[in-house]
Amino acid sequence: MGNKADILVLPSSGKISAYNHTIVTDFDPSEDFLHLHDFADSKLVGWDKTTNPFAAGYLQLVDDPNGTAVLSIDMHGDGDNFLTLVTFEGVSAGDFTGDHISSLNGRHAPDGDAGKGSLVIGTLGDDRLAGTEQNDKLQGYAGNDTIFGAEGRDTISGGDGDDRIEGGLGFDELTGGLGADRFVFADYAGADVILDFEVGVDLLELTDDLTITGLTEIDTDGTGGADSTLVQLSTTASVTLIDVLGLSDAAALI
């Protein structure tokens, strides 16, 4: 699949049989994704498109006798006639969470958990991505993207390019990635965290007449010393800039 973050998409066309499945030799759970796209809609007979297909008996992700993760399908959801779809060499089933597997209908945790939001992945171009009211994961990939998390506790990454990122409501974790990024905060924002803010390159964009009312160096890793900066806004909103210290003038951020 390559050295960068990759997306493995299962096509809706093609016949599923015991003699036809995919072997992935370099899937990296720290950055790669499996996207079922419209595969789930077309292959899962009677699926309501709401219930997690792992919980409904359509999909399972387990280790084979060699400890290798194997994704299998029972197209009728009976849970007793599984055929192998994908073998992930060098990866165990326990390495996967709901952050790794999604379809057009949201993220799907292999343990059957229904509490996941959407996984939204951009392209090499300039994308406009939006989350839902749940806890979403949005990945801009490449291009100059505009990303809005909406509600929930979202995880947003802009990827390459000069991105405009807004977490929205909730307590969000934001990463700009490469490029000069703008992190947008409105009066409804929560207490967000930016993992890679670079002073002099990235900016905070304040709307709804928000202002910065305080800069406080804080300890986020529990070692007893300040390692990051808490930026307090003129509402209850705030943003923590991880690994940023030495700020004396809020103007450097806006």
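The rules we used
All chains use their own residue numbering, which begins from 1 and follows the written sequence. Only residues with pLDDT of at least 70 get local features here, since the model is predicted, and only at 80 or more are side-chain atom pairs given and counted; chain-wide, interface and lining totals rely on the full set of residues. Side-chain calculation: all heavy atoms of the structure are included, whereas hydrogens and water are not. Helix numbers and strand numbers start at the N terminus; a helix is a DSSP run of H or I with at least 4 residues, a strand a run of E with at least 2. Contacts were defined at the residue level, with two residues in contact if any of their heavy atoms lie within 4.5 Å. The Shrake-Rupley method, run with a 1.4 Å probe sphere, supplies the accessible areas, and residue values consider only the shown protein chains as cover. Asp and Glu count as negative and Lys and Arg as positive, but His and the ends of the chain are not part of the count. Just so you know, the charge point we use is NZ for Lys, CZ for Arg, CG for Asp and CD for Glu. Between rings of Phe, Tyr and Trp, where Trp is taken as its six-membered ring, a pair exists when centres lie within 6.5 Å; planes separated by under 30 degrees are stacked, by over 60 edge-to-face, and by other angles tilted. Partly exposed describes any residue whose relative accessible area lies between the buried limit of under 20% and the exposed limit of over 50%, with all areas from a 1.4 Å probe on protein chains only and scaled to the type maximum. Salt bridge criterion: a side-chain nitrogen from Lys or Arg within 4 Å of a carboxyl oxygen from Asp or Glu. Should DSSP find at least two bridges between two strands, the strands are taken to pair. Every angle, taken between N-to-C directions, lies between 0 and 180 degrees, and every axis is a line fitted to C-alpha atoms, over only the stretch in contact when it is a helix. Definition of nonpolar core: a set of buried residues of the types Ala, Val, Leu, Ile, Met, Phe, Trp, Tyr and Cys, connected through side-chain atoms within 4.5 Å.

S.K.: Describe in detail the overall build of the chain, supporting the description with residues and values.
M.R.: Along the backbone of the chain there are 1 helix and 21 strands. Along the longest, intermediate and shortest principal axes, the C-alpha atoms of the chain span 65 × 35 × 35 Å. Once local pairs closer than 6 in sequence are excluded, the contacts in the chain between residues at least 24 apart make up 32%. Just so you have it, the chain exposes about 12000 Å², and 47% of that area is on carbon and sulfur atoms. For the chain, the distance from the average position of its 11 positive side-chain charges to the average position of its 46 negative side-chain charges is 8 Å.

S.K.: An account of the packing of aromatic side chains is requested, with residue identities and associated values reported.
M.R.: For the structure shown, the criterion picks out 4 aromatic pairs. With 5.0 Å between their ring centres and 70° between their planes, Phe27 and Phe88 make a pair best called edge-to-face. Remark: Phe88 occurs in strand β6 (residues 83-88) and Phe27 occurs in the loop between β2 (22-24) and β3 (33-35); sequence separation between them is 61 residues. Phe88 carries the same exposure label as Phe27, and that label is buried.

S.K.: How would you explain the pattern of salt bridges if you had to name every residue and give the values?
M.R.: Enumeration over the complete set of coordinates arrives at 2 salt bridges. Arg164 is the partner of Glu205 in a salt bridge, and the nearest nitrogen-oxygen pair spans 2.6 Å. Of this pair, Glu205 sits in strand β18 (residues 203-206) while Arg164 sits in strand β14 (residues 164-166); the two residues are 41 residues apart in sequence, bridging distant segments of the chain. By relative accessible area, Glu205 is classed as buried at 17%. With its nearest N and O atoms 3.0 Å apart, the salt bridge here joins Arg182 to Glu205. Placement of the pair is Arg182 in strand β16 (residues 182-185) and Glu205 in strand β18, with a sequence separation of 23 residues.

S.K.: Can you explain the sheet that holds β16? Please cite residues and give values.
M.R.: Strands sit in the order β10-β12-β14-β16-β18 across an open sheet of 5 strands; the sheet is parallel. The open sheet terminates on both sides in strands that have one partner only, identified here as β10 (128-130) and β18. Direction aside, neighbouring strands of the sheet carry axes that sit 20° apart on average. In terms of strand pairing, β10 meets strand β12 (residues 146-148) through 3 bridges, oriented parallel. When the sheet's bridge partners are listed, Leu129 is paired in β12 with Ile147.

S.K.: For the side chain of Thr68, give the residues involved together with the corresponding values.
M.R.: Turning to its location among the elements, Thr68 is positioned in the loop between β4 (59-63) and β5 (69-73). With sequence-adjacent residues up to four places away left out, Thr68 is seen in contact with Val62, Asp63, Thr87, Phe88, Glu89 and Val91.

S.K.: Tell me what's going on with the pairing of β4, and back it up with residues and numbers.
M.R.: Pairing of β4 with β5, which is carried by 5 bridges, proceeds in the antiparallel orientation. If you follow Leu61 over to β5, its bridge partner there is Leu71.

S.K.: A description of the sheet that holds strand β7 (residues 101-103) should follow, citing residues and the corresponding values.
M.R.: Pairing is mixed across the open sheet formed by 4 strands, whose spatial order is β1-β3-β7-β8. The sheet terminates laterally at β1 (7-9) and β8 (106-107), the two strands that pair on one side only. Summarising the sheet, β3 and β7 pair through 2 bridges and their orientation is parallel. Note that in β7 the partner of His35 across the bridge is Ser102.

S.K.: Can you break down the nonpolar core residue by residue, with the values?
M.R.: The nonpolar side chains of a soluble globular protein tend to be buried, and buried together. Of all hydrophobic cores here, the largest spans 25 residues; its most connected members are Leu61, Leu71, Leu85 and Phe88. The contact partners of Phe88, leaving out residues within four places of it in the chain, are Leu8, Val24, Phe27, Leu34, Leu61, Thr68, Ala69, Leu71 and Phe96. One finds Ile165, Leu210, Leu241 and Leu253 within the second-largest nonpolar core, a separate group that totals 24 residues.

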